[in-house]
Amino acid sequence: MFKLPALPRLPGLDAVVTEFDTVLRTLAAPATSGRAHPDAHIDEAELDEAEKRHAAGLMRVNHSGEICAQALYQGQALTARDPANRDALRQAAQEEVEHLAWTERRIEALGSHRSLLNPLWYAGSLAIGVTAGLVGDRWNLGFLAETERQVGAHLQAHLGTLPPQDAKSRAVVEQMYHDEMGHADLAVELGAAELPLPLKAVMGLSSKLMTSLSYRF
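Residues numbered from 1 in each chain as written. Predicted model: local features only at pLDDT ≥ 70, side-chain atom pairs only at ≥ 80, totals over all residues. Heavy atoms only, no water.

(A) Spotlight on the overall build of the protein chain. Assigned secondary structure in the protein chain consists of 7 helices and 0 strands. Ordered by position in the sequence, the α and β elements of the protein chain form the string α-α-α-α-α-α-α. Looking at the protein chain as a whole, 46% of its 217 residues qualify as buried. Carbon and sulfur atoms provide 63% of the accessible area of the protein chain, an area that totals close to 11,300 Å². (Helix = DSSP H or I, 4+ residues; strand = E, 2+ residues; numbered from the N terminus. Buried < 20%, exposed > 50% of the residue type's maximum accessible area, 1.4 Å probe, protein only. Areas by Shrake-Rupley, 256 points an atom, 1.4 Å probe, with all protein chains shown as cover.)

Listed below in structure tokens is the structure:
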């Protein structure tokens, strides 16, 4: 007989307060990194105004992507059924906080600003994360793995278009790529399901929309 997957336990009041605090800190408070910033040992390069704007736009996209990642991980961890999966999601989320710190500092160094649309990206990603978790852990992890693969592809593309002399931005993006691929591999190890191609395509289109708008705003 077919059985529906067990529903996750609803969080208590303390957990709700904690999650709300996570939202506020992600969107409003400066992020911190336990690891040294990947570009800490690299000198600032000479960039003209067009190069600065382009590099800042790419780093703004990456920062918005990390905002989305925080919300996705939060939603998925809230609805994950297996405690081991939940712990893995929270650990990966902590590394994404470090990415926030790295991209924030780089955006500031380039004389620009974070995306004005970050609250919108956060809300949408949180809803997606909760929905993915409700479907079941294998699909939850599958969504995570595919998200990280697509993020990795974007980061690789950024490495191809960043100003060649901007070694600081490159160091940040390269370390982010390494971490994101590690998160994808972890999701597969934990039993991620392979997502249908149409869903992957929809995720790719959504990512392109976020990229386009965050680059400009």
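(B) Geometry of the confidence of the model for the protein chain. When pLDDT is averaged across the protein chain, the result is 84; 87% of the residues are at 70 or more. When pLDDT is averaged over each element of the protein chain, helix 6 (residues 167-189) comes out on top at 93 and helix 1 (residues 13-28) at the bottom at 54. When the criterion is pLDDT under 50, residues 1-5 qualifies, and its contacts beyond four places in sequence or with other chains add up to 2 contacts. (pLDDT = per-residue confidence, 0-100. Contact = heavy atoms within 4.5 Å.)

(C) Just the environment of R170, in detail. Along the chain, the position of R170 falls in helix 6. Take R170: its relative accessible area is 18%, and that puts it in the buried class. R170 sits 11 residues away from L159 along the chain, and the two C-alpha atoms are 6.4 Å apart. If we skip the residues at most four places from it in the chain, R170 touches L159, L162, P163 and P164. A distance of 2.8 Å separates a polar side-chain atom of R170 from the backbone oxygen of L159. Looking at R170, its side chain comes within polar contact range of the main-chain oxygen of L162, at 3.0 Å. (Polar contact = N/O pair within 3.5 Å; in protein donor to acceptor, adjacent residues only side chain to side chain.)

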